[in-house]
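Summary of the model geometry
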Amino acid sequence: MISMKIFFLLVLIETCYFDDPNRLPTRCETCKYLSNEIAESLLKHNSAELIETGYSIDERLDRKKAKKYQDSEIRLIEVMEEVCERILEYNVHAERSGSLRYSKGESQTMSTLKNLKNRGVKVELGIPYDLWDTPSAEITQLKKYCDQMVELYEEEIENWYKNERNNVTLTEYLCERIILKNDDKSCLKEKFVENKETGEKNEKSKNRKEKKSDKNDL
């Protein structure tokens with residue numbers, strides 16, 4: 001009886017583990033995680049030190065200017081160099097819906113598969129065990145879309161950084177106002193909340209429809 005339950009569990013898990021060949025990251029999902037990663041990376045690159053900018057052949061004639069690293073272009077350059085590479089740290093959480101299927105950390109599905117394998121249950125995913133944790137095709141595609149979006153909207157990201165970052169979030173500025181201005185923005189509202197009773201994170205999609213406004217500059 002136990003072996004039969006394990007068999008059906010494996011069928012269910014393996015069915016939801018593999019990427020849906022027709023499931024590709026949307027523009028909303030790509031923009032959501034691009035803006036999230038830029039925001040997180042800016043927090044990491046947040047030194048209060050002063051740096052010297054400019055170039056001078058003769059220091060006696062022209063001193064280099066000192067500027068806060070937090071306001072420098074160097075900071076943004078360092079962030080943008082790594083932002084889409086960080087997407088490869090995500091995994092597909094097939095047990096979740098919408099944009100929440102993309103998240104860092106091991107999915108419940110993969111954790112269950114590994115536990116079964118450690119218990120001696122034969123688990124076949126069509127790939128070697130040492131490749132189970134490599135980025136899936138869907139995550140690789142998300143990273144590709146991220147690279148393309150950065151290339152297309154580099155000037156807008158730079159403008160936000162220089163002029164708007166203290167007034168509005170990048171998600172609102174880049175995703176809501178520009179990239180998704182006339183498209184579906186619902187994925188931007190999807191979040192996880194922690195279930196205090198069980199200590200586990202449960203999915204909660206905040207897709208409450210807001211009243212339509214006559215203005216188009218959301």
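Look a little higher up for the structure.
The structure presented is a predicted model; accordingly, all values stated were derived computationally and were not measured.

**Quick word on the packing of helix H6 (residues 154-164) against helix H7 (residues 170-179)**
- For the pair H6 and H7, the least separation of the axes is 10 Å and the interaxial angle reads 135°. Comparing the axis directions of H6 and H7 gives the class oblique. The interaxial crossing formed by H6 with H7 has right-handed handedness. On H7, the residues touching Glu156, Ile157, Asn159, Trp160 and Glu164 of H6 are Leu170, Tyr173, Leu174 and Ile178.

**Structural notes on the packing of helix H3 (residues 73-82) against H6**
- Here H3 crosses H6 at 140°, and the two axes come no closer than 11 Å. In terms of their interaxial angle, H3 and H6 are classed as oblique. When the axes of H3 and H6 are compared, the crossing they make is right-handed. Side by side, H3 and H6 meet where Glu73, Arg75, Leu76 and Met80 of the first sit next to Ile157, Glu158, Tyr161 and Lys162 of the second.
- Looking at the contact of H3 with H6, its residues break down into four nonpolar, no polar and four charged.

**Overview of the packing of aromatic side chains**
- Applying the stated criterion across every chain yields a total of two aromatic pairs.
- When the centroid spacing of 5.2 Å and the interplanar angle of 70° are considered together, the rings of Tyr33 and Tyr90 count as edge-to-face. Placement of the pair is Tyr33 in helix H2 (residues 27-44) and Tyr90 in strand E3 (residues 90-92), with a sequence separation of 57 residues. The burial state of Tyr33 is the same as that of Tyr90; both residues are buried.
- A centroid spacing of 6.4 Å and a plane angle of 90° characterise the contact between Tyr33 and Tyr102, whose relative ring orientation is edge-to-face. Taken together, the residues span a long stretch of sequence, with Tyr33 in helix H2 and Tyr102 in strand E4 (residues 102-104) at a distance of 69 residues. Comparing Tyr33 with Tyr102, the two get one shared label, buried.
- Ring pairs connect the aromatic residues Tyr33, Tyr90 and Tyr102, which therefore count as one cluster.

What counts, and at which threshold
Residues numbered from 1 in each chain as written. Predicted model: local features only at pLDDT ≥ 70, side-chain atom pairs only at ≥ 80, totals over all residues. Heavy atoms only, no water. Axes fitted to C-alpha atoms, helices over the stretch in contact; angles between N-to-C directions. Helix = DSSP H or I, 4+ residues; strand = E, 2+ residues; numbered from the N terminus. Parallel < 35°, antiparallel > 145°, perpendicular 65-115°, else oblique. Left-handed = near helix turned anticlockwise from the far one by under 90°. Contact = heavy atoms within 4.5 Å. Nonpolar A, V, L, I, M, F, W, Y, C, P; charged D, E, K, R; others polar. Phe/Tyr/Trp six-rings, centres within 6.5 Å; stacked < 30°, edge-to-face > 60°. Buried < 20%, exposed > 50% of the residue type's maximum accessible area, 1.4 Å probe, protein only.

In short, geometric facts, not functional conclusions.
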